[in-house]
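The chain contents come next:
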Amino acid sequence: MKMYLTMAWRNIWRNRKRTWITASSIGFAVFFACVMQSMQLGSYERMIDNSVRFFTGHLSIHQEAYWGEKILDNSYDRDQLAGLPMDPDQVMLSVPRISSFALASSGRQTKGVMVNGINPQDEAAMSGLDEKVVDGVYELEDGALIAAGLAEYLKIGVGDTLVLVSQGYHGVNAVGQYPVKGLVAFPVPELNQSAVYLSLSVAQRFYGAEGLITSYSLLLNSPGQMAAAQQSIEAALDGSELSVMNWREMMPELVQGIELDYYGGLIMIGILYMIIGFGIFGTFLMMTKERTYEFGILTAIGMKKPRVQLMVSLEIFFLTFLGVILGLMASAPIITYFYLNPIRITGDAAKAFENFGYEAIIPFSIDPMVFYYQGVVIFILALMLGIYPILYVKRLQTIKALKE
Amino acid sequence: MKRILLLLLGMLVALMAISQPTATEIIEAADQRMQGESNRGTMKMSIVRPKWTRDITMKSWAKGTDYSLVLITAPARDKGTGFLKREKELWNWQPTIDRVIKLPPSMMMQSWMGSDFTNDDLVRQSSIVNDFEHTLEKDTTMMGYDVWKIVLIPKPQAAVVWGKIEAYISKEKYFQLIFKYYDEDQYMVNTLNFSEIRMMGDREIPTRMEMIPAENPEQKTVVVYEDFEFDVELSDQFFSLQNLKRLR
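What counts as what
- Residues numbered from 1 in each chain as written.
- Chains lettered and ligands numbered in written order.
- Predicted model: local features only at pLDDT ≥ 70, side-chain atom pairs only at ≥ 80, totals over all residues.
- Helix = DSSP H or I, 4+ residues; strand = E, 2+ residues; numbered from the N terminus.
- Rg over C-alpha atoms; globule rule 2.2 N^0.38 Å.
- Buried ≥ 20, exposed ≤ 12 C-beta atoms within 10 Å, placed from the backbone.
- Contact = placed C-beta atoms within 7 Å.
- Nonpolar A, V, L, I, M, F, W, Y, C, P; charged D, E, K, R; others polar.
- Core = buried A, V, L, I, M, F, W, Y, C linked by C-beta atoms within 7 Å.
- Axes fitted to C-alpha atoms, helices over the stretch in contact; angles between N-to-C directions.
- Parallel < 35°, antiparallel > 145°, perpendicular 65-115°, else oblique.
- Left-handed = near helix turned anticlockwise from the far one by under 90°.
- Pairing = 2+ DSSP bridges.
- pLDDT = per-residue confidence, 0-100.

A short note on the overall build of chain A
Within chain A, the regular secondary structure consists of 15 helices and 14 strands. Here the C-alpha radius of gyration of chain A, 31 Å, is well above what a compact globule of 404 residues would show, namely 22 Å. Counting only C-alpha atoms and orienting by the principal axes, one finds that chain A spans roughly 100 × 50 × 30 Å. Looking at the 404 residues of chain A, the share that counts as buried comes to 36%. In chain A, once contacts between residues fewer than 6 apart in sequence are set aside, the share between residues at least 24 apart is 80%.

Shown next, in the form of structure tokens:
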């Protein structure tokens, strides 16, 4: 066996040019597939991270009926969460919120808005709300932060008074006036037209819901811990009227959107595989044709065909392995670079991105799965194409081969 | 002989007509009993839900069908909140934000103070006399009273949300006993039950009203009159926005 390995290894390096051509065609395949997949997964990761941080958290604890009917009457006492297992290795941040609708008014303008009672520090850490302030200060106390688009509609600015009218917990009359402390700009028009932030305690007083919250969102250190964390919290909440949901359950439209896009991406990658496959096949074809005389000599001096086949397959294995390693080595630094410095889009394309509510960047993923999966797929692809030289050897007629 | 018989018959018909008031007269009389020319009182409203109840106490003033004023006195967070009705308009005074809000038509069907009553119920309470055609349907007995059942169908041009109202009014003293509200498709929406007939001021009236929505029979809103006076002296100026803000 050792002899075959030596022979195969020497054969590869006998014709260096040919070897490098074959290896680099495989390497390019791996490189392109990795970059493409990394971009795709990167954009999903960012989408998920943005939504999770902004809306739901990886996990969120609600009163059971809340998700079906998002009304204040389905809120719960925050004290019920005392004694919940919060493993600091898993849970990075936990954010209480109370959210409901209200009518916002200023002067003659009135608009329906979403009022969120938040803890400013927690919220800044979770969703970076403080970075979205475009006017005034990020500070709540007894005041309000309102979305920039809403401020424009209501024709109010920092220092003006915002009047909120709504129906609170158990249908109580909820009215209040709050000085506007700051304006926050959101890329998503829906949010930018309707978001109002009060501090948690002020919002609770406004809605007559002292001590109550509608959701308690948890941000985990890594999405991979979600299942375990959900299980332990679920077990702890068993028997209470509270339930815990993960972001996949809470944002099915996001999950489905990603799935749809992912399968679209698979088709693209499939086409890429096909093009690459023919390229690799071409080099294999060249390699075998070139060596017909050599194979003829080997069989003529008595080497059994299966042994020739074994030698050829070892060569192909080496070549493919070399190619995949080359491809991974080439893509890793580039992907890492773009992961750390995402490509920033400017101009009209950037506007289009922002209208969809995304940051105008092309993010990359450094999920090891990208490299592993693409490496393995192309490795298998090349090995499958390697069946051709083996079949070629099998059908080889010594006399004919020697006449080449 | 024939002529005498005819005369007797005529007299009989006339007599019957006198003893049997028309449907409109009955509704008018019943409404008059509950409202008087003007009235003033305090009442307690309890909003009853399967898991919780909430009490609101209030003072109210009313004059004729056009003017009424309600001032919330408890709970503390709502204290001072007032509602003023002038003709078909409803105004809401919110002391916490120092503003008077005119309730737009779009808010008329919304719940009043979280109860089973709508803002519309507050404004249109008395229009049962003017906005409907009344027909006597049949006589029955309920709660120990002989009652008339009267069907109220809105007049074509009237701005009324109901498709039909069935009113049960006692023959003796014209007590309102039950009102059933139907929508345009003749589905029952609400039932308003009156009970606990007691002396209030100068007259006997039902002092407890229960509004039960047909869709959620396990919830209801109960209004109990704690004290009530009728035909009190109230000027039109009393029902002004200025006074709404001033009242305590």
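Don't stop here, the text continues.
Looking at the overall build of chain B
Helix and strand counts for chain B stand at five helices and 13 strands. With the principal axes as the frame, chain B shows a C-alpha extent of 80 × 40 × 35 Å. Look at the contacts in chain B between residues 6 or more apart in sequence, and 43% of them connect residues 24 or more apart.

Considering the interface of chain B and chain A
Taken together, the contacts link 13 residues of chain B with ten residues of chain A. Of the residues belonging to the side of chain B that touches chain A, the class tally is four nonpolar, five polar and four charged.

A closer look at the environment of L41(A)
All names here are of chain A. Mapped onto the elements, L41 comes out in helix α2 (residues 16–56). Classification of L41 by C-beta neighbours within 10 Å gives buried; the count is 21. Once the C-alpha coordinates of L41 and P342 are considered, the two residues, 301 residues apart in sequence, prove to be 13 Å apart. Apart from residues no more than four positions distant in its own chain, L41 is found in contact with S365, D367 and V370.

So, the nonpolar core
Counting residues in each nonpolar core, the largest one holds 54 residues, and the members touching the most others are A144(A), I146(A), L162(A), L164(A), V196(A) and L198(A). Core analysis: the second largest hydrophobic core is formed by 44 residues, I56(B), L69(B), A167(B) and I205(B) among them.

Examining the packing of helix α9 (residues 252–290) of chain A against helix α13 (residues 368–385) of chain A
All names here are of chain A. Packing of α9 against α13 leaves a shortest axis separation of 10 Å and a crossing angle of 45°. Judged by the angle between their axes, α9 and α13 are oblique. Relative to α13, the crossing made by α9 is right-handed. Two secondary-structure elements touch here, α9 through Y273, G277, I280, F281 and F284 and α13 through L381, A382 and L385. Considering only residue class, the contact of α9 with α13 consists of seven nonpolar, one polar and no charged.

Describing the pairing of strand β9 (residues 164–170) of chain B
All names here are of chain B. Across the seven residues of β9, five count as buried, placing the element largely inside the fold. Pairing of strand β8 (residues 145–154) with β9 involves six bridges; the strand directions are antiparallel. Opposite K149, over in β9, you have Y168 as the bridge partner. Note that β9 and strand β10 (residues 176–182) share six bridges and pair antiparallel. Residue A167 lies in a different strand from β10, and its bridge partner there is F179. Counted along the chain from β9 to the antiparallel partner β10, the turn is five residues long, and its residue K173 has a positive phi close to 65°.

What about the environment of L93(A)?
Residues and elements named next belong to chain A. By the element assignment, L93 lies in strand β3 (residues 91–106). Spatially, the C-alpha atoms of L93 and K70 are 23 Å apart, while their sequence positions differ by 23 residues. Other than its neighbours up to four places away in sequence, L93 contacts D122, A125, M126 and L219.

Observations regarding the pairing of strand β7 (residues 132–142) of chain B
Residues and elements named next belong to chain B. Bridge analysis of β7 against β8 gives ten bridges, and the strand direction is antiparallel. Opposite H134, over in β8, you have L152 as the bridge partner. Where β7 folds back onto β8 in an antiparallel hairpin, the turn is made up of two residues, including M143, whose phi is positive at roughly 50°.

A look at the packing of helix α11 (residues 305–340) of chain A against helix α14 (residues 387–395) of chain A
Residue and element names in this part refer to chain A. Packing of α11 against α14 brings their axes to within 9 Å, and their N-to-C directions diverge by 160°. Taken together, α11 and α14 sit at an angle that is classed as roughly antiparallel. For the pair α11 and α14, the sense of crossing is right-handed. Together, K305, V308, Q309, V312, S313 and I316 of α11 and P389, I390, V393 and K394 of α14 make up the contact between the two elements. Across the contact of α11 with α14, the residue classes break down as six nonpolar, two polar and two charged.

What about the environment of A167(B)?
Residue and element names in this part refer to chain B. Following the sequence through the fold, A167 ends up in strand β9. A residue is classified by how many C-beta atoms lie within 10 Å of it, and A167, with 25 of them, is buried. Separated by 23 residues in sequence, A167 and N190 place their C-alpha atoms 12 Å apart. If near-sequence neighbours (up to four positions away) are discounted, A167 is found in contact with I27, I150, L152, Q176 and F179.

Some thoughts on the confidence of the model for chain B
Considering every residue of chain B, the mean pLDDT works out to 85; 92% of them sit at 70 or more. Complex prediction metrics read pTM 0.73 and ipTM 0.71.

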